[in-house]
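Chains, contacts and geometry: an overview
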Amino acid sequence: IREHSIGSEGQRQIRIPVGAVVSVNTYILHRREEFWPRPNEFDYTRWLRDPTTDLKPKLAHPFCYLPFGAGSRNCIGQSFAVIEAKVILSMLLQRCNFQLEPGQKIVPDIRLTMKPKYGLRAKLTKR
């Protein structure tokens, strides 16, 4: 709609011209060392509630984790997607054992979402 600048006075400012498309690289954002200890490792404990207070963990910055976007234009299906993922994952874990096939070359393919470039083969057995 109109030109805008990001950044503080006296600091490096970024000028955004009229009609520019601005996107956030969430792959890089979700791996920044100032926000995440051991940013390149999967660590499920980052999301565990504190057992003494039952509170969610506090993020280093309110916008350092954006799996569904943020603000007024975030994903309308965010709440449903999170609940659905938890239900499906818990059902699979109750009913199946998973074992990755050895010797696979696992290379991330990063586009709008991230997936394994050559697929991910696993052996599933009934519990």
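Residues numbered from 1 in each chain as written. Predicted model: local features only at pLDDT ≥ 70, side-chain atom pairs only at ≥ 80, totals over all residues. Heavy atoms only, no water.

Structural notes on the overall build of the chain
Which entries qualify depends on this criterion: Numbering of helices and strands runs from the N terminus; a helix is a DSSP stretch of H or I covering at least four residues, while a strand is a stretch of E covering at least two. Contacts were defined at the residue level, with two residues in contact if any of their heavy atoms lie within 4.5 Å. Per-residue and other accessible areas were derived by the Shrake-Rupley procedure at a 1.4 Å probe size, with only the shown protein chains allowed to occlude residues. A positive count includes Lys and Arg, and a negative count includes Asp and Glu. His and the chain ends are not counted in either. A charged residue contributes its charge at one atom only: NZ of Lys, CZ of Arg, CG of Asp or CD of Glu.
Looking only at helices and strands, the chain has two helices and six strands in total. Put simply, the chain runs from its N terminus to its C terminus through helices and strands in the order β-β-α-α-β-β-β-β. In the chain, the proportion of contacts linking residues at least 24 apart, taken out of those at least 6 apart, comes to 33%. For the chain, the accessible area works out to roughly 11,600 Å², and carbon and sulfur atoms hold 57% of it. Charge-centre separation for the chain: the mean point of 21 positive side chains lies 7 Å from the mean point of 11 negative side chains.

Section: a nonpolar patch on the surface
To keep things clear, this is the line we draw: In this analysis, a patch consists of residues with relative accessible area above 30% that form no salt bridge, clustered at 9 Å for like charges and at 5 Å for the nonpolar side chains Val, Leu, Ile, Met, Phe, Trp and Tyr. We define a salt bridge as a contact between a side-chain nitrogen of Lys or Arg and a carboxyl oxygen of Asp or Glu at a distance within 4 Å. Burial classification: accessible surface area is computed with a 1.4 Å probe over protein chains only, and a residue below 20% of its type maximum counts as buried, one above 50% as exposed, and the rest as partly exposed.
A cluster of nonpolar side chains, contributed by Ile88, Leu89, Leu92, Leu93, Phe98 and Leu124, occupies part of the molecular surface with about 540 Å² of accessible area. Examining the composition of the nonpolar patch, we find that four residues originate from one element, helix H2 (residues 78–95), more than from any other. Topologically, isoleucine 88 is positioned in helix H2. Exposure remark for isoleucine 88: the relative accessible area of 43% places this residue in the partly exposed category.

Comments concerning the UniProt feature "binding site: heme" (unreviewed entry) in the chain
Inclusion rule: UniProt positions are given in the numbering used here, feature names are shortened, and annotations may be inferred rather than shown by experiment.
In the numbering adopted here, UniProt assigns the feature "binding site: heme" (unreviewed entry) to Cys75. According to the relative accessible area criterion, cysteine 75 is partly exposed, its value standing at 34%.

Structural notes on the packing of aromatic side chains
Note on aromatic pairs: each is described by the distance of the centres and the angle between the planes. Inclusion rule: Whether two aromatic rings pair depends on their centres lying within 6.5 Å, for rings of Phe, Tyr and Trp, where Trp uses its six-membered ring; planes under 30 degrees apart make the pair stacked, over 60 edge-to-face, and the rest tilted. The criterion is that NZ of a Lys, or CZ of an Arg, lies within 6 Å of the ring centre and within 35 degrees of the ring normal, and then a charge sits over that ring.
Within this structure, the stated rule accounts for three aromatic pairs. Measuring from centroid to centroid gives 6.1 Å for tryptophan 36 and tyrosine 65, while their planes differ by 80 degrees, and the two rings are edge-to-face. Of this pair, tryptophan 36 sits in the loop between helix H1 (26–29) and H2 while tyrosine 65 sits in the loop between H1 and H2, and the two are 29 residues apart along the sequence. Classification of tryptophan 36 as buried rests on a relative accessible area of 6%. Looking at tyrosine 65, the relative accessible area reads 34%, which means it is partly exposed. The interplanar angle of 35 degrees and the centroid separation of 4.6 Å between the aromatic rings of tryptophan 47 and tyrosine 65 together place this pair among those described as tilted. One end of the pair, tryptophan 47, is in the loop between H1 and H2; the other, tyrosine 65, is in the loop between H1 and H2, with 18 residues separating them in the sequence. Aromatic ring contacts, followed pair by pair, group Trp36, Trp47 and Tyr65 into a single cluster. Looking at arginine 31, its charged tip hangs above the ring of tyrosine 27, at a distance of 3.8 Å from the centre.

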